[in-house]
Amino acid sequence: MTLALYLAKRFLRSFLIVAASFWGILFLIDVVEEIRRFSDQGLSLLQLSVLSALNIPETIYTILPLIVMLSAVALFVALARSSELVVIRAAGRSALRMLAAPIAAALVIGLLALLVGNPLVSATSKRYETLVDHYTSDGGSTVSIGREGVWMRQSAGLASDGKSLAQAVIHAERANGDATTLHGVTFLIFDPNRGPVRRIDAKTATLVPGAWQLQDVKDWPLGESTNPERDATTQDSLSLPSDLTVASIRDSFGKPSAVPIWQLPGFIASLEDAGFSARRHIVWFQMELALPVLLAAMVLIAASFTMDHVRFGGIGAKVLLALAAGLGLFFLRNIAQVLGDNGQIPVLLAAWAPPVIGLMLPLARLLHREDG
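No experiment lies behind these values; they were computed from the predicted model shown. (Residues numbered from 1 in each chain as written. Predicted model: local features only at pLDDT ≥ 70, side-chain atom pairs only at ≥ 80, totals over all residues. Heavy atoms only, no water.)

Chemist: Is there a simple way to think about the nonpolar core in this case?
Modeler: A general tendency of soluble globular proteins is for nonpolar side chains to be buried together. In this structure, Phe11, Val68, Phe76, Leu99, Val299 and Met307 are the most contacted members of the largest nonpolar core, which totals 56 residues. When neighbours within four sequence positions are excluded, Leu99 is seen to be in contact with Phe76, Leu300, Ala303, Met307 and Leu366. Counting 18 residues, the second-largest nonpolar core is a separate cluster that includes Ala175, Ala205, Val217 and Leu240. (Core = buried A, V, L, I, M, F, W, Y, C linked by side-chain atoms within 4.5 Å. Buried < 20%, exposed > 50% of the residue type's maximum accessible area, 1.4 Å probe, protein only. Contact = heavy atoms within 4.5 Å.)

Chemist: How should I be thinking about unusual backbone geometry in this particular structure?
Modeler: In terms of backbone geometry, most residues other than glycine have negative phi values and most peptide bonds are trans. A positive phi is found at Asp216, a non-glycine position, where the angle reads about 55°. Tracing the chain through its elements places Asp216 in strand S6 (residues 211-220). (Helix = DSSP H or I, 4+ residues; strand = E, 2+ residues; numbered from the N terminus.)

Chemist: Is there a simple way to think about the pattern of salt bridges in this case?
Modeler: Working definition: two side chains of opposite charge can pair if their charged atoms are close together. By the definition in use, this model includes six salt bridges. Salt-bridge contacts for Glu229 lead to Lys218; the nearest nitrogen and oxygen are separated by 2.9 Å. You can see Glu229 sitting in helix H6 (residues 228-231) and its partner Lys218 sitting in strand S6, a full eleven residues away along the chain. (Salt bridge = Lys/Arg side-chain N within 4 Å of Asp/Glu carboxyl O.)

Chemist: It is not clear to me how the environment of Ala258 should be interpreted in this structure. Could you clarify?
Modeler: Locating Ala258 in the fold gives a position in the loop between helix H7 (246-252) and helix H8 (264-273). C-alpha separation for the pair Ala258 and Ala123, spaced 135 residues apart in sequence, amounts to 7.7 Å. If we ignore the near neighbours within four places in the chain, the residues touching Ala258 are Ser122 and Lys126.

Chemist: How should the side chain of Ser242 be read in this particular structure?
Modeler: Checked against the element boundaries, Ser242 lands in the loop between strand S7 (233-241) and H7. Judged by its relative accessible area of 10%, Ser242 is buried. Within the structure, the side chain of Ser242 is placed 3.3 Å from the side chain of Trp212, a separation counted as a polar contact. Sequence-distant contacts of Ser242, that is, excluding residues within four places in its chain, are made with Gln154, Leu207, Gly210, Ala211 and Trp212. (Polar contact = N/O pair within 3.5 Å; in protein donor to acceptor, adjacent residues only side chain to side chain.)

Chemist: Looking at this structure, I do not really get the packing of aromatic side chains. What am I missing?
Modeler: What characterises a pair of aromatic rings is the spacing of the ring centres plus the angle enclosed by the ring planes. A full pass over the atoms with the stated rule returns three aromatic pairs. Between Trp23 and Phe27 the ring centres are 5.0 Å apart and the planes differ by 10°, which places this aromatic pair in the stacked class. Of the two residues, Trp23 and Phe27 are both situated in helix H1 (residues 2-37); the distance of four residues between them amounts to about one turn of the helix. Given a relative accessible area of 37%, Trp23 falls into the partly exposed group. Over the aromatic face of Phe305 sits the side chain of Arg365, whose NZ or CZ is 4.7 Å from the ring centroid. (Phe/Tyr/Trp six-rings, centres within 6.5 Å; stacked < 30°, edge-to-face > 60°. Lys NZ or Arg CZ within 6 Å of the ring centre and 35° of its normal.)

Below is the structure:
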């Protein structure tokens, strides 16, 4: 137990050093990027630093597997250089038993990242987006999904003053998977100077390039009539200009990472109830559950290449091989996520195959080295 605690502490110390180094480097790079991005807004250095501090956690969370792998490489290289690996092996401790402590520490890091880091990253990302929208507000489109249906907002051309943008709020009872067809839809058009000026109800609304095509339409002139119901008109079809696209609607849902892990199952249910495809969010949810296993796999990959004593030579090449294998697993995970999002492979295969592969291959290599 004493040896296990010692190895776990050494691994955690390496992890904190590597994570802090990455945070500092990424923070400086992001500050420079924020200065370039907001050069016309006249923001102070403090405001730009706050933006960078809110943006960095998401990046750190994304590259967490690589940080764990680098921490494990640093640990095993340090143990090899100090001959502690030789002493541990001479005391009769096998390689797999020695790895139990670093792997357990990686699993704990993964659980903390999942249960605490994920909600924290979601909160900082939302705050970052809120501040960016505040500094560069342009009246863009947004989408909200809830039990009461689908809500959207889009620009509706110039307002009566000819300068500011009018806004159209869209509510639909349900929609198809890619939001190109809305059912039971209402359009409320607002002029920033006069308030609501028009209401349109339609049985269906189909998104085509540059417009919504409405069917079974009733149109109320709210801004120009003293009795909108009397002056309302009905039409079989109507075309309303729109700057929305399928891609912009999908992106308006936000990245799956923007939803805290605790709220993700409910958000997925809301998406499916509204008729949208929740596959991206389901894939992300399963990948988050597999994160602790992925971090354990990164430790095994590092160990399988760097547990040799330095007297055997080639430590630099072995470190490079470990880094290449870790990067390969990281990119394999990203590729599997893309394939899972597109429906080309099953969700569970996309989420769990990379970490399981990352466990099995280095484990086989370690067993071969131990037992021949």
